[in-house]
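Examination of the molecular architecture
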Amino acid sequence: MKSISARQTGIILFLTILANKILLLPSIMYEKTKADSLFVMMLLFAFELFILWIFFSLKNKYPNSSLKELLQKSVGGKIAKALIFVFLIFFLFKTMLTYSVIYVYLKDLVYQDEFGLLAIICFIPVVNHGVVCGLRAMSRSFELFFYLVLTGVVFCLVIAFFTNISIPYFFLSNPKDIFNTCFTHFFSFGDYLILFIFMDKIKFDNQGKKTILKFVGLGITIVLAIFLIFYCKYHDTAFMHNNAIADLLVFSVQFNAIGRLDIIAMVTIMALGLFQMEIFQYAFCESFVMVFPKLSLKYAIAVFDILFFIVYFVLIGKYEFMIMVTTNYLPYFSILSNYILPSIIFALSYKHKKELKHEKSV
Amino acid sequence: MIQNKVEKIIEKYKIEFHNSNDFASRIFNKGEQMVGMLFLKSMTNPELFSQTIYMPLQQCNEKIDEKTLCEKILKNNSIEIIEEKNIITNILDGKVVIFSDSFQGIVSVDVLTFPSRAPTEPPTSPVIQGPREGFVEDFKTNLTLLRRRIHSKDLVFKSVFVGNKTNTKVIISYIDGVANKKVVEEVERKINAIKIDGVVDSYYILSFLEKRPNSLFKQIGNTEKPDIVASKMLEGKVAIIVDNSPIVLTVPFILMEDLQSSNDYYTNHHYSSLVRVIRILGLMIAIIAPGFYLALQLFHYNVLPLNFLITIADTTQGLPFTPFLEILFIFLLFQILYEVSLRLPSYLGLATSVVGALILGDTGVKAGLISPPGVIITALAKIALYTVPEQQSQITVLQVIFIILGGSLGILGIVTGLVFVVNYLNTLDDFSTPYLAPYAPRIANDLQDGLIKHSINDMKTLPKSFPNNHKERSK
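Residues numbered from 1 in each chain as written. Chains lettered and ligands numbered in written order. Predicted model: local features only at pLDDT ≥ 70, side-chain atom pairs only at ≥ 80, totals over all residues.

1. Focus: the overall build of chain B
- The helix and strand tally for chain B stands at 16 helices and ten strands.
- Computed over its C-alpha atoms, the radius of gyration of chain B comes to 29 Å, more than 25% above the 23 Å expected for a compact globule of 475 residues.
- Reported as C-alpha extents along the three principal axes, the dimensions of chain B are approximately 100 × 60 × 40 Å.
- Split into buried and exposed, the 475 residues of chain B put 36% on the buried side. (Helix = DSSP H or I, 4+ residues; strand = E, 2+ residues; numbered from the N terminus. Rg over C-alpha atoms; globule rule 2.2 N^0.38 Å. Buried ≥ 20, exposed ≤ 12 C-beta atoms within 10 Å, placed from the backbone.)

Structure representation (structure tokens):
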């Protein structure tokens, strides 16, 4: 089996943490919880770490098992498929969300005019090709682009940091608002669920666990830094800036002789968006093959593309509608997929282990 | 007419060789004994033939048999007794085959000669410092060049014949104990499986060794320099030498090899690191510069510094072509000039340069057909291409692809194109070797000889990017 290393896993997590949280999220969150959105993010990241903890525990107990094997042993084939089906839906919507966020950015700031067909021509074949190439090839590509993306994001932060910024007022929102905002943005999280889908393809030891945590820590730190600098820079007008990382550069003082620097943000966002779409579509396809084992990966890609085109005409490009769906309806689904389902898997695996021990002792 | 055994054999092989003009036979009568000789005039040295075979036979007074022929009479170092079924092969190898009606054995004597050039510096990889020898068409000379560099009993040369008609000698070479056995076996298996009428150059067998022969990207290393092959074999790679070809193939191959030059190892490693970084920049400029320029000009002009934007606007005003067609036109012009300069006799080279640079370029700009920024960007990309000359054909194709992507989809096209290409490159893993190692996946040990080159003292172990057996390099 073509496996991936701890470093590659860490980089995948780093890129998924960054991709859909550094554009739209800071401005949407600001509407409700102002600069306290930073605490919302911290809380959501803490929940996210809970998923990571469950994954590490599962990996410790069953280092070579796949999610399907694990669930089949515990609850039987049909329920296992039903549980994985939830993941399948989750990854479909996650890919859509990523695409929508990138789409809004590219349409508003980069291409302005009609962009729909152009975007599909660019994204879909490349993302499909990434899935065909497989997890190992993709993770190697992420490894190669990692420093480029990191440099791009840090560059945006540094440039923004050296412009006029001031600390915003914190603790203006009450805890209820903070928890409410947490709830409404559950769907923007749950990135670590991808690990469950290809858990049998990830190989690492204790040192590897530290490596993964290092990259996760780096990702979280960068996202929080972007939130902080974004709020320091825009204060009460933050809700108007829908493309956080890009706006940090666009509205910064131009450096003499360099000209406009937003091309760096542009390239970074495009690369991040592509990578995240690749990894989520791959997770969708893997879940699809687990649910429908008789169909190959190529069928999974075809099904994804058809669903993508259907949802494209319903959701993508309609900014308000997209935000309404992701903040009003999808949070309920996210609670199931992000937190309840991993907890069930963990509990089942624990039960399965107890049964195994019992069988051995008998 | 009654024919004896010698005449019968000569007649038989004359027919076998279709009475070819260079096929020769000699009958030598020594008393009652008749000795026959078969050889190809085009492949044998007449002086050597006379001195080592004909004269000694004439001067000989004793009865001739295989033993006396081999031990006493013939004055040649390369004599062997062969079987009848090998007569044709020996004749084709430039040997004289001797037989008689009075003894059973067949003796073969090597008097091969053919025009051969000296191992001069190859035009494709000149060095400022370091060895200047290059491989030649004669495989024996090539083997000597390698033996001279690796004085070890572990250096192995295994020969295989490929090609139904050409019967070309292909030599698989490696250092036993350093090269990975599985890689050697895989190379042997692939070469033995080749079914082709002829192998004229090493390039003919290259596609049989590649896992994806239809891929744009190079998957097998090739060089004309024995020092490079020797150093690759010391790292555990396998070399494939083909008779009549000065290009030696090496496997496994990683892209990083083409970013390295033999010069890097004969100069200060700090300087080598700088040059390697420049090379990778050159590679990137060569691939994406024209496409990127088009993307900026057509889709993202607002990110250009104002002064630069004004310059572009000034120079492109009134051009008859769209920017996309303009860049394609200049690219085509450069490519035509390149092809012409390759094929024209050298005395016409200067004329081509004048026509290309002055008449077509300068006058084209003055006539308002093409713009100076377009010419500069395309020329820059074409010049940058030669920072990695080994990848010239691949980069040229990629240039066209990225011109189309940048011109039709903007920066998004460039980024998606790059991600597509990198994803594809990461699927190439011939001989269990990741194509983009040591960066994807990151192999810490091999970064010492990556873009930033360390001193030879620091490279204590052999590369881990590809399979090899021996671990230590120095202590």
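2. A few points about the overall build of chain A
- Within chain A, the secondary structure is distributed over 14 helices and zero strands.
- When the elements of chain A are put in sequence order from the N terminus, they spell out α-α-α-α-α-α-α-α-α-α-α-α-α-α.
- Expected size for 362 residues packed as a compact globule is a radius of gyration near 21 Å; at 20 Å, chain A falls within 12% of this value.
- When its C-alpha atoms are laid out on the principal axes, chain A stretches across 75 × 45 × 40 Å.

3. Re the interface of chain A and chain B
- Listed as interface residues are 29 residues of chain A and, on the opposing side, 25 residues of chain B.
- Only α1 (6–19), α5 (77–111), α6 (116–133), α7 (135–161) and α12 (262–291) of chain A provide two or more residues apiece to the side of chain A that touches chain B.
- For the side of chain A that touches chain B, the element with the highest residue contribution is α6 of chain A, accounting for eight residues. (Contact = placed C-beta atoms within 7 Å.)

4. Digging into α1 of chain A
- For α1 of chain A, which comprises 14 residues, the first-to-last C-alpha distance of 20 Å matches the rise-based estimate of 20 Å (1.5 Å per residue) to within 8%.
- The buried fraction of α1 of chain A amounts to 14 of the 14 residues, a majority that puts the element mostly inside the structure. (Expected span 1.5 Å × (residues − 1).)

5. A closer look at the sheet that holds strand β10 (residues 248–251) of chain B
All names here are of chain B.
- As summarised here, the arrangement of the five strands in space is β6-β7-β9-β10-β8, forming an open sheet in which the pairing is antiparallel. Each having just a single partner strand, β6 (155–162) and β8 (221–223) make up the two edges of the open sheet. Taken over all neighbouring pairs, the strand axes of this sheet differ in orientation by 25 degrees on average, direction set aside.
- Note that strand β7 (residues 168–175) and strand β9 (residues 238–242) share four bridges and pair antiparallel. Pairing of Ile172 across the sheet is with Ile240, part of β9.
- Contacting β6, β7, β9 and β10, helix α7 (residues 202–209) runs over the sheet at an angle of about 15 degrees to β10.
- Contacts between helix α8 (residues 226–234) and the sheet are confined to β7, β8, β9 and β10, with β7 contributing the most and set at about 50 degrees to the helix. (Pairing = 2+ DSSP bridges. Axes fitted to C-alpha atoms, helices over the stretch in contact; angles between N-to-C directions.)

6. Re the domain arrangement of chain B
- Here chain B is partitioned into domain 1 (5–110), domain 2 (139–253) and domain 3 (265–427).
- Each of domain 2 of chain B and domain 3 of chain B has a C-alpha centre, and the two are 35 Å apart. (Domains from an automatic or database assignment.)

7. Re the packing of helix α12 (residues 323–343) of chain B against helix α15 (residues 392–409) of chain B
All names here are of chain B.
- At a minimum axis separation of 10 Å, α12 and α15 run at an interaxial angle of 170 degrees. Judged on the interaxial angle alone, α15 and α12 are roughly antiparallel. Contacts between α12 and α15 involve Phe324, Ile327, Leu328 and Phe331 on the former and, on the latter, Gln399, Ile403 and Gly407.
- Counted by class, the contact of α12 with α15 contains five nonpolar, two polar and no charged residues. (Parallel < 35°, antiparallel > 145°, perpendicular 65-115°, else oblique. Nonpolar A, V, L, I, M, F, W, Y, C, P; charged D, E, K, R; others polar.)

8. A closer look at the sheet that holds strand β5 (residues 106–110) of chain B
Residue and element names in this part refer to chain B.
- The strand order across the open sheet formed by five strands is β1-β2-β4-β5-β3, and the pairing between neighbours is antiparallel. Since the sheet does not close on itself, it has two edges, and those belong to β1 (23–30) and β3 (79–82), each with one partner. Strand-to-strand twist of the sheet, defined as the mean angle between neighbouring strand axes without regard to direction, takes the value 25 degrees.
- Bridge analysis of β1 against strand β2 (residues 33–40) gives eight bridges, and the strand direction is antiparallel. Among the inter-strand pairings, Arg26 is bridged to a residue of β2, identified as Met37.

9. Focus on α7 of chain B
Residues and elements named next belong to chain B.
- Within α7, burial applies to Ser202, Ile205 and Leu209. Buried residues in α7, looked at end-on, bunch into an arc of 70 degrees, giving them a common side.
- Looking at the buried residues of α7, the elements they touch are β6, β7, α6 (181–192), β9 and β10. (Arc of directions from axis to C-beta.)

10. Observations regarding the nonpolar core
- Within the largest apolar cluster, 207 residues are counted, with the highest numbers of intra-cluster contacts made by Leu15, Leu18, Ile245, Ile269 and Leu274 of chain A together with Ile240 of chain B.
- With 19 residues, the single largest contributor to this core is α5 of chain A.
- Three or more residues apiece are contributed to this core by two domains, here domain 2 (139–253) and domain 3 (265–427) of chain B.
- Apart from the residues lying within four places of it in its own chain, the contact partners of Ile269 of chain A are Leu23, Ile102, Tyr105, Ile245 and Ala246 of chain A. (Core = buried A, V, L, I, M, F, W, Y, C linked by C-beta atoms within 7 Å.)

11. A few points about the confidence of the model for chain B
- Mean pLDDT over chain B stands at 88; residues scoring 70 or higher make up 99%.
- ipTM for the predicted complex: 0.92, alongside a pTM of 0.90. (pLDDT = per-residue confidence, 0-100.)

12. Focus on the pairing of β10 of chain B
All names here are of chain B.
- Residue alternation in β10 divides its side chains into two sets, Val248 and Thr250 and Leu249 and Val251, and both sets are buried.
- Where β8 and β10 come together, three bridges link them in antiparallel fashion. The residue of β10 that forms the bridge with Asn222 is Leu249.
- Where β9 and β10 come together, three bridges link them in antiparallel fashion. Bridging across to β10, Ile240 finds its partner in Leu249.
- Taken together, β9 and the strand that follows it, β10, pair antiparallel across an intervening segment of five residues, in which Asn244 is found at a positive phi of about 75 degrees.

13. Considering the pairing of β2 of chain B
Residues and elements named next belong to chain B.
- Between the end of β1 and the start of β2, which pair antiparallel, lie two residues, with Gly31 showing a positive phi angle near 65 degrees.
- Here four bridges tie β2 to strand β4 (residues 95–100), and the two strands are oriented antiparallel to one another. The residue bridging Leu38 from the neighbouring strand is Val97, located in β4.

14. A look at the environment of Ile401 of chain B
- Mapped onto the fold, Ile401 of chain B is located in helix α15.
- Taking C-alpha positions, Ile401 of chain B is 15 Å from Glu326 of chain B, a pair spaced 75 residues apart along the chain.

15. Overview of the packing of helix α10 (residues 269–298) of chain B against helix α14 (residues 372–384) of chain B
Residue and element names in this part refer to chain B.
- The contact between α10 and α14 brings their axes to 7 Å, and the two run at 160 degrees. Taken as axis vectors, α10 and α14 run roughly antiparallel relative to one another. Handedness of the crossing formed by α10 with α14: left-handed. Side by side, α10 and α14 meet where Gly282, Ile285, Ala286, Ala289, Pro290 and Tyr293 of the first sit next to Ile377, Thr378, Leu380, Ala381 and Ala384 of the second. (Left-handed = near helix turned anticlockwise from the far one by under 90°.)

16. Considerations on unusual backbone geometry
- Across the junction of Ala437 of chain B and Pro438 of chain B, the peptide omega takes the value 5 degrees, indicating a cis bond.
- Along the chain, the position of Pro438 of chain B falls in the segment after α16 (411–427).
- In this chain, Ala440 of chain B is followed by Pro441 of chain B through a cis amide linkage whose omega measures 5 degrees.
- Within the secondary structure, Pro441 of chain B sits in the segment after α16.
- If you check the backbone angles, Phe171 of chain A has positive phi at about 55 degrees while not being a glycine.
- Assignment of secondary structure puts Phe171 of chain A in the loop between α7 and α8 (175–184).
- Owing to 9 C-beta atoms within 10 Å, Phe171 of chain A belongs among the exposed residues under this scheme.

17. Overview of the environment of Phe309 of chain A
All names here are of chain A.
- Within the fold, Phe309 resides in helix α13 (residues 297–314).
- According to the C-beta neighbour criterion, Phe309 is exposed, with 12 such atoms within 10 Å.
- Between the alpha carbons of Phe309 and Ile120 there is a distance of 9.1 Å; along the sequence they are 189 residues apart.

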